[in-house]
Amino acid sequence: MSEESKRREALIYHAKPTPGKIKVVPTKKYASQRDLSLAYSPGVAEPCLEIEKDKNNAYRYTAKGNLVAVISNGTAVLGLGDIGPEASKPVMEGKGLLFKIFADIDVFDIEVDTKNVDAFIETVKNIAPTFGGINLEDIKAPEAFEIEKRLKEELDIPVMHDDQHGTAIISAAALINALELANKNIEDVKIVISGAGAAAISCSRLYQSCGAKRENMVMLDSKGVIRDDRDNLTSQKAEFATHRKIDTLEEAMVDADVFIGLSMADILSPEMLKTMAKDPIVFAMANPDPEIKYQLAVDTRDDIIMATGRSDHPNQVNNVLGFPFIFRGALDVRATGINEAMKMAAVKALAALAKEPVPEQVNVAYEQTRLAFGRKYIIPKPFDPRLIAEIPPAVAKAAIESGVAQTEITDWDKYKDSLRERLGSDNKLVRLLLSRAKLNPKRVVYAEADQLAVLKAAQIAHEEGIAIPILLGRKETIQDLMKEIDFEADVTIIDPKTEEENPRKDRYGRTYWEQRKRRGVTLYAAKRLMRERNYFAAMMVNEGDADALISGYSRNYPSVVKPMLELIGMAKGATRIATTNVMMTKRGPMFLSDTSINIDPTAKDLAKIAVMTSKVIKTFGFEPVMALTSYSNFGSSDNERASKVREAVSMLHRHYPDLVVDGELQTDFALNDEMLRDQFPFSKLVGRKVNSLIFPNLDSANITYKLLKELNEADSIGPIMMGMRKPVHILQLDASVDEIVNMTAIAVIDAQNKEMWELEKDIP
């Protein structure tokens, strides 16, 4: 994609369908006049009077306790510099989005039009009663230091300048672990800090809190080494001025143990790297281009431990590992500030988490092999679901122990459970899918590539490295559409109806005829069928000319399924084809089966569908917890529609005793553990969070998933085909571009695991 196309896509993302990235939504009922009279006049007077008596009641009756202000004056925005408050707003909205999706914290972004320190501070103080915390953002140094210092002193809510402390906290955790791997003591190591801005100063101070000695640290700015004999140093730079008579980075790097880069790209040369001590630790954190390229560094020193700010290399120092969870912990105990003890608690919790066994969904998302503590894994990954349950409690405990908490948490296990519930439907599963697909992209044939939405999805899949597209359709139409959307890649385009494809059509047709000649198919008819894209595409996959297939955008589901069943067939050991849809719900991903194929499955069919669904769930990195649903509960009806579900559960319990599955159950009992525990304490699902519903027929499954999708605006991935011999996936009519991209990732992962649908054993 050209730079102009990337620019246009970014602008469209921020402008459509609604300008901006965040919005305010009601949290209370508002349907009736009674609701409105409680929300506003006259009912609203009662909480107002209670807060007048005690302002702390604002935490009880308003959103203050979960509301953070992201505040900037736009003087140091990302790598863009002083671009002003209005131009900083997209970044502040983005920070608000990260707060929400990682820690369920609501945000108002505030852009303040002043460079005057006193005026800025006064503005923040005046609006502070609205908020439970203040996140200062993108304010240039040295003003940022004074602004944060004074606001922390003058306000009684948490205040943090993330540009300073975020990088410091994450890199300190990484440094602790890197030093352990290098078998070095922080008190002894020589540290070079390239950069003298807010982040560099804060990092240096926090490293000292961890045990680093100031006399072992050398800091550089754009003029070179900051020496104590230099004139006109700010107080912050003077704090880290060295007495050593050196001037350049090259001199500072000799025998250094640690390099901390918070400056600019490519200033650290391989020659400098070679002069460092044994087992050098290099954190090149300039973004988007580090102080030394990752591959160049590891090629130069095979004993290096390296981190960058980039997601495409190991050990990403990413502030999102810190600020959402630090504020989460601070808000939950109503801390009056974020102190050094709380920051250090976050450092230690992050460092410790990297040493714990990594959940399977994180392994699936980031690696083909298991992640483990070592030189390429010294800090947790940003999408590790354990972060929300580990960092906030550590911060909250530190707040309580250091005396800045206004409320206490007594049941820490319950608190951790409540934090896990906050993860919600933030599309982490989608990111996992795309990451997994990128590890080993496969050839995906798009049978309807002359449809704009399908072609756009193929473009995204290609540009993101998810798949290698093969485009089927009228070549001229596809090429015209490619120009329209600026799809400039050299990809394969095939029109099955052209004469140039006759040799392949003849070969495919003869192969198909050999398979179907005793079922009424003539050789002539077989060759004619190869003009049809779905037959041609299926044969491409069958014959190894493609790895996976996507179709169904413009045709009804049964007409697309038919050639797939005829040409592809079922996987070895499978006796049933089925589909599952993954719904992104408030309680997390839910797998619903069978949503597209089996109209009225038997008990044995239901058991097979459950087993296949469990394998899909495991592929996503989750442990299946499955309910077979009905209108009855555990034998409350003798009707055959309920009894077949009961019989299926009996088969599963008998043949798959380790599978967490139960039923027949009404859906509300399956999803409400309190109801289930109260009425049916014997169920295998008690105390477990159900993540899969197996429905008794196609009506109930298809209606349910489409109802969830439309009424709750829940994202859906699917229908995912289960039990096919080859990776074939069929879209719903008029699927969105995002849905097609997600299905492409599914197809690629399916191709990566060709036998993932095969049953370990069949149900007799």
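Refer to the structure presented above.
Residues numbered from 1 in each chain as written. Predicted model: local features only at pLDDT ≥ 70, side-chain atom pairs only at ≥ 80, totals over all residues. Heavy atoms only, no water.

Asker: Can you tell me about the packing of helix α8 (residues 162-182) against helix α9 (residues 198-209), naming the residues and giving the values?
Answerer: In the contact formed by α8 and α9, the axes pass within 8 Å of each other and the chain directions differ by 45 degrees. Comparing their axes, α9 and α8 come out oblique. The two elements α8 and α9 cross, and the hand of that crossing is right-handed. Facing D163, Q164, H165, T167, A168, I169, S171, A172 and L175 of α8, the residues of α9 in contact are A198, A199, S202, C203, L206 and Y207. Looking at the contact of α8 with α9 residue by residue, the classes come out as nine nonpolar, five polar and one charged. (Axes fitted to C-alpha atoms, helices over the stretch in contact; angles between N-to-C directions. Helix = DSSP H or I, 4+ residues; strand = E, 2+ residues; numbered from the N terminus. Parallel < 35°, antiparallel > 145°, perpendicular 65-115°, else oblique. Left-handed = near helix turned anticlockwise from the far one by under 90°. Contact = heavy atoms within 4.5 Å. Nonpolar A, V, L, I, M, F, W, Y, C, P; charged D, E, K, R; others polar.)

Asker: Before we move on, could you go through the pattern of salt bridges and cite the residues and values that matter?
Answerer: The tally for this structure, following the rule as stated, stands at 46 salt bridges. With its nearest N and O atoms 2.7 Å apart, the salt bridge here joins E739 to K709. Linking E739 in helix α31 (residues 737-752) with K709 in helix α30 (residues 698-711), this pair joins segments that are 30 residues apart in sequence. Assessed through its relative accessible area of 17%, E739 is described here as buried. Several salt bridges converge on common partners, so that one network encompasses D118, K125, E146, R150 and E154. (Salt bridge = Lys/Arg side-chain N within 4 Å of Asp/Glu carboxyl O. Buried < 20%, exposed > 50% of the residue type's maximum accessible area, 1.4 Å probe, protein only.)

Asker: Break down helix α21 (residues 475-484) for me, citing the residues and quoting the values.
Answerer: Considered for burial, the residues of α21 that qualify are I478, L481 and M482. Within α21, the buried residues cover an arc of 105 degrees as seen down the axis, which keeps them to one side. Facing away from the buried surface of α21 by more than 90 degrees, the exposed residues are K483 and E484. Buried residues in α21 make contact with α20 (452-463), β12 (467-472) and β13 (492-494). At the exit of α21 stands D486, carrying a positive phi of roughly 60 degrees. (Arc of directions from axis to C-beta.)

Asker: Account for the environment of R244, with residues named and values stated.
Answerer: As for its position among the elements, R244 is in the loop between α10 (235-239) and α11 (249-252). Overall, R244 belongs to the partly exposed group, its relative accessible area being 30%. Each C-alpha atom of the pair R244 and R227 lies 7.1 Å from the other, and the pair is 17 residues apart in sequence.

Asker: Account for unusual backbone geometry, with residues named and values stated.
Answerer: With an omega of 5 degrees, the peptide bond between S41 and P42 qualifies as cis. Within the secondary structure layout, P42 lies in the loop between α2 (33-39) and α3 (45-53). Note that the residue after G718, namely P719, is joined by a cis bond; omega there is 0 degrees. Relative to the helices and strands, P719 is located in strand β20 (residues 716-722). Within the chain, D279 stands out as a residue other than glycine whose phi angle is a positive 50 degrees. Secondary-structure assignment places D279 in the loop between α12 (270-274) and β9 (281-284). On the basis of relative accessible area, D279 is assigned to the buried category, the value being 9%.

Asker: Requested: an account of the environment of M570, with residues and values cited.
Answerer: When you line up the elements, M570 lands in the loop between α25 (557-567) and β15 (578-585). What makes M570 partly exposed here is its relative accessible area of 38%. A sequence separation of 156 residues divides M570 from K726, and the C-alpha atoms of the two residues are 8.0 Å apart. In this structure, M570 is in contact with T575, R576, I577, G723, M724 and R725, ignoring residues within four places of it in sequence.

Asker: Pulling in residues and values, what's your account of the packing of helix α22 (residues 502-516) against helix α24 (residues 533-542)?
Answerer: When two helices pack together, their arrangement is captured by the angle between the axes and the distance separating the axes. Direction vectors running N to C along α22 and α24 enclose 80 degrees, while the axes themselves pass 10 Å from each other. On the basis of their axis angle, the class for α22 and α24 is roughly perpendicular. Mapping the contact onto sequence places R504, K505, Y508, T511, Y512 and Q515 in α22 and Y535, F536, M539, M540 and N542 in α24. Partitioning the contact of α22 with α24 into residue classes produces six nonpolar, three polar and two charged.

Asker: Go over the sheet that holds strand β11 (residues 442-446) with me, naming the residues and quoting the values.
Answerer: Ordered in space as β13-β12-β11-β14-β21, the five strands form an open sheet in which the pairing is parallel. Whereas interior strands pair on both sides, the edge strands pair on one side only; in this sheet they are β13 and β21 (728-730). Strand-to-strand twist across the sheet, computed as the mean angle between neighbouring axes with direction ignored, equals 25 degrees. Where β12 and β13 come together, three bridges link them in parallel fashion. Paired with L471 across the bridge in β13 is I493. Against the sheet, α20 contacts β11 and β12, and its axis sits at roughly 155 degrees relative to β12. (Pairing = 2+ DSSP bridges.)

Asker: Which residues make up helix α7 (residues 143-154), and what values go with them?
Answerer: Counted at 1.5 Å a residue, the expected span for α7 with its 12 residues is 16 Å, and the 17 Å between its end C-alpha atoms agrees. Taken as a whole, α7 has its buried residues at A144, F145, I147, E148 and L151. Of the surrounding elements, those touching the buried residues of α7 are α6 (117-127), β3 (133-136), β4 (159-161), α8, α9 and α10. (Expected span 1.5 Å × (residues − 1).)

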